[in-house]
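One-letter residues, chain by chain:
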Amino acid sequence: MNSTPAAVEWAFREQSGKILATLIRFLGDFDKAEEALQDAMATALERWPVDGVPDNPPAWITTVARRKAIDRIRRDQLRVEKYGILGELASSNIDELDMFEEPTASALHDDRLRLIFTCCHPALSVEAQVALTLRTLGGLTVPEIARAFLLPVPTLAQRLVRAKRKIRDARIPYRVPPDHMLPQRIKAVLTVVYLIFNEGYTATSGADLVRRPLCRNAISLGRVICEIMPDEPEAIGLLALMLLHDSRRDARVGSKGELIILEDQDRERWDQAQISEGRILVKRALLMRRPGPYQIQAAITALHAEASLPAETNWLEIEGLYATLAKMNPSPVVELNRAVAAAMSRGIQQGLNLMDQISELGDYHLFHSARADLLRRSGKNSEAAIAYLRALELAENQTEVDYLRLRLREVSQAD
């Protein structure tokens, strides 16, 4: 990190989830924790240029945020006492907060897991569960989450406000639920972890294609969930899926930061240890005979990992797995992936025909990018150029934008 603002931005974007989880445990309130974190970030911008960036920025911010929160609570207590009003703040255990110690790595895991299950309480809608956990634990911004949900930013922001208010008013406990309640809560938890990983694997916006800390956080959370629910095949399937995707991280971007698509990647750069672990987990999950969407997606990704060369990819089996996935979890994105697999296994025109039947993805840049690629492969360069232009209008990640521009120039010059 070459500058103080960069150090603060890194701490906020990549470490805020851990810090917030710890603060929420001590304060018992999302808004108070977020206010304390914002105060600490502002203090960092003031102090770090003078004192230098600390050796452990997240620990420094956590400590300062804790002190800011204590100061705020004490001021509120004095105000309450001054007017003779008894309230929630007057009963706050300030002594306990003063005994705060820097959390260990194990404690951080516990705090994040508590926070996930708090956010995924059944009293909240599934959409609110996912959005709140992504915002607090995943460190995603409101626009990033809104894009993931295909919602206007104000709508998503209001949803977050209502979710936090519901947790406060309903006094939803900050804890991992008992074993008998875990199955009914796991679906939303897995959705959250998957969306965190997806944002890390292909960032919705910004200069970098991959946000590796988010991928690591998601995989770490996936491991913890598998530890507490070792007989849940979908948790195992999700962990396998993330490991198999993440195994390609070093091959997805070139030396100049350019995007390298799957078929052009140097497969010797794939992480074989992660591939091996992922494949073992896929088999373990499927042997439980309770297949689910994450297990099927992991099986698809495993087939890609098994191919030493792009031409050796078993596209026909991949198409069949996407058909199975479409029955389990109907989605236009699944149908898009199925169309691509059909194009590779049964011919380009078959894939284009299937894409023409998908009407819900007009504002999804990857739909237009995939369609443009098939048109390019079939020699329909003019049509491909139109599709690439539409994808460019919708793409927000700079690495993807650069790739689409390159492809657009290629098809334009071919004519």
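Structure's up top.
Notes on the structure in this doc start here. (Residues numbered from 1 in each chain as written. Predicted model: local features only at pLDDT ≥ 70, side-chain atom pairs only at ≥ 80, totals over all residues. Heavy atoms only, no water.)

## Structural notes on the overall build of the protein
The helix and strand inventory of the protein stands at 19 helices and zero strands. Taken against the 2.2 N^0.38 rule, which gives 22 Å for 415 residues, the C-alpha radius of gyration of the protein at 24 Å falls within 12% of a compact globule. Viewed in the frame of its principal axes, the protein has a C-alpha envelope of about 80 × 50 × 40 Å. For the protein, with 415 residues in total, the buried portion stands at 50%. Restricting to contacts in the protein with at least 6 residues of sequence separation, those with at least 24 account for 64%. Accessible surface, the protein: about 20300 Å² in total, of which carbon and sulfur atoms supply 51%. Across the protein, the 53 positively charged side chains and the 56 negatively charged ones have centroids separated by 2 Å. (Helix = DSSP H or I, 4+ residues; strand = E, 2+ residues; numbered from the N terminus. Rg over C-alpha atoms; globule rule 2.2 N^0.38 Å. Buried < 20%, exposed > 50% of the residue type's maximum accessible area, 1.4 Å probe, protein only. Contact = heavy atoms within 4.5 Å. Areas by Shrake-Rupley, 256 points an atom, 1.4 Å probe, with all protein chains shown as cover. Lys, Arg positive; Asp, Glu negative; His and termini not counted. Charge placed at Lys NZ, Arg CZ, Asp CG, Glu CD.)

## Examining the environment of Ala-40
With respect to the helices, strands and loops of the structure, Ala-40 is situated in helix 2 (residues 30-51). Residue classification places Ala-40 among the buried residues on the basis of a relative accessible area of 0%. When the C-alpha atoms of Ala-40 and Ala-65 are compared, they prove to be 4.9 Å apart, with 25 residues separating the residues in sequence. Contact partners of Ala-40, with chain neighbours within four places excluded, come to Trp-60, Ile-61, Val-64 and Ala-65.

## A look at helix 13 (residues 293-306)
The terminal C-alpha atoms of helix 13 lie 20 Å apart, and with 14 residues this matches the ideal 20 Å at 1.5 Å per residue to within 8%. Along helix 13, twelve of the 14 residues are buried, which leaves the element largely enclosed by surrounding structure. Taken together, the buried positions of helix 13 are Tyr-294, Gln-295, Ile-296, Gln-297, Ala-298, Ala-299, Ile-300, Thr-301, Ala-302, Leu-303, His-304 and Ala-305. On its buried face, helix 13 sits against helix 9 (182-201), helix 11 (233-246), helix 12 (272-286) and helix 14 (315-328). (Expected span 1.5 Å × (residues − 1).)

## Quick notes on the side chain of Gln-129
Position of Gln-129 relative to the elements: it lies in helix 6 (residues 126-136). Within the local environment of Gln-129, its side chain forms a polar contact with the backbone oxygen of His-121, the two atoms lying 3.0 Å apart. Polar contacts involving the side chain of Gln-129 include one to the main-chain carbonyl oxygen of Leu-124, which spans 2.9 Å. Apart from the residues within four sequence positions on either side, Gln-129 is in contact with Cys-119, Cys-120, His-121, Pro-122, Leu-124, Ala-188 and Val-192. (Polar contact = N/O pair within 3.5 Å; in protein donor to acceptor, adjacent residues only side chain to side chain.)

## Examining helix 11
For helix 11, with 14 residues, the first-to-last C-alpha span of 20 Å sits near the 20 Å given by 1.5 Å per residue. For helix 11, the buried fraction is high: 14 of the 14 residues fall into the buried class. One side-chain oxygen of the residue at the start of helix 11 lies 3.1 Å from the amide nitrogen of Glu-234, identifying that residue as Glu-232.

## A word on the packing of aromatic side chains
The tally for this structure, following the rule as stated, stands at three aromatic pairs. With centroids separated by 5.6 Å and ring planes inclined at 20°, the aromatic side chains of Phe-197 and Tyr-201 adopt a geometry described as stacked. A residue pair is termed a helical-turn pair when its members lie 3 or 4 positions apart in one helix, as Phe-197 and Tyr-201 do in helix 9 at four residues. As far as the burial class goes, Phe-197 and Tyr-201 line up, both buried. Seen from the ring of Trp-270, Arg-248 lies directly overhead, with NZ or CZ sitting 5.8 Å from the centre. Over the face of the ring belonging to Tyr-201 we find Arg-252, whose NZ or CZ atom lies 3.7 Å from the ring centre. (Phe/Tyr/Trp six-rings, centres within 6.5 Å; stacked < 30°, edge-to-face > 60°. Lys NZ or Arg CZ within 6 Å of the ring centre and 35° of its normal.)

## A closer look at the nonpolar core
Counting 124 residues, the largest nonpolar core has Ile-61, Val-193, Ile-225, Leu-238 and Met-242 as its most contacted members. Take this core: its biggest share by element is eleven residues, from helix 9. Residues in contact with Leu-238, not counting those within four places in the same chain, are Leu-190, Val-193, Tyr-194 and Tyr-294. (Core = buried A, V, L, I, M, F, W, Y, C linked by side-chain atoms within 4.5 Å.)

## Regarding the packing of helix 17 (residues 365-377) against helix 19 (residues 398-414)
The interhelical angle for the contact between helix 17 and helix 19, taken along N-to-C directions, is 30°, at an axis separation of 12 Å. Taken as axis vectors, helix 17 and helix 19 run roughly parallel relative to one another. In this structure, helix 17 crosses over helix 19, and the sense of that crossing is left-handed. Along the contact surface, helix 17 presents His-365, Leu-366, Ser-369 and Arg-376, while helix 19 presents Glu-400, Leu-404, Arg-407 and Val-411. Looking at the contact of helix 17 with helix 19 residue by residue, the class counts come to three nonpolar, two polar and three charged. (Axes fitted to C-alpha atoms, helices over the stretch in contact; angles between N-to-C directions. Parallel < 35°, antiparallel > 145°, perpendicular 65-115°, else oblique. Left-handed = near helix turned anticlockwise from the far one by under 90°. Nonpolar A, V, L, I, M, F, W, Y, C, P; charged D, E, K, R; others polar.)

## Describing the pattern of salt bridges
Evaluated as defined, the whole model comprises 24 salt bridges. A salt bridge links Arg-211 to Glu-199; its shortest N-O distance comes to 3.6 Å. Of this pair, Arg-211 sits in the loop between helix 9 and helix 10 (212-228) while Glu-199 sits in helix 9, placing them twelve residues apart in sequence. Each member of the pair, Arg-211 as well as Glu-199, is classed as buried. One salt bridge connects Arg-390 with Asp-363, and the closest N-O pair in it is separated by 3.1 Å. Of this pair, Arg-390 sits in helix 18 (residues 381-394) while Asp-363 is found in the loop between helix 16 (348-356) and helix 17, placing the two residues 27 residues apart along the sequence. Of the residues examined, Asp-363 reaches a relative accessible area of 63% and is grouped as exposed. Salt bridges sharing common partners tie together Glu-263, Asp-373, Arg-376 and Arg-377. (Salt bridge = Lys/Arg side-chain N within 4 Å of Asp/Glu carboxyl O.)

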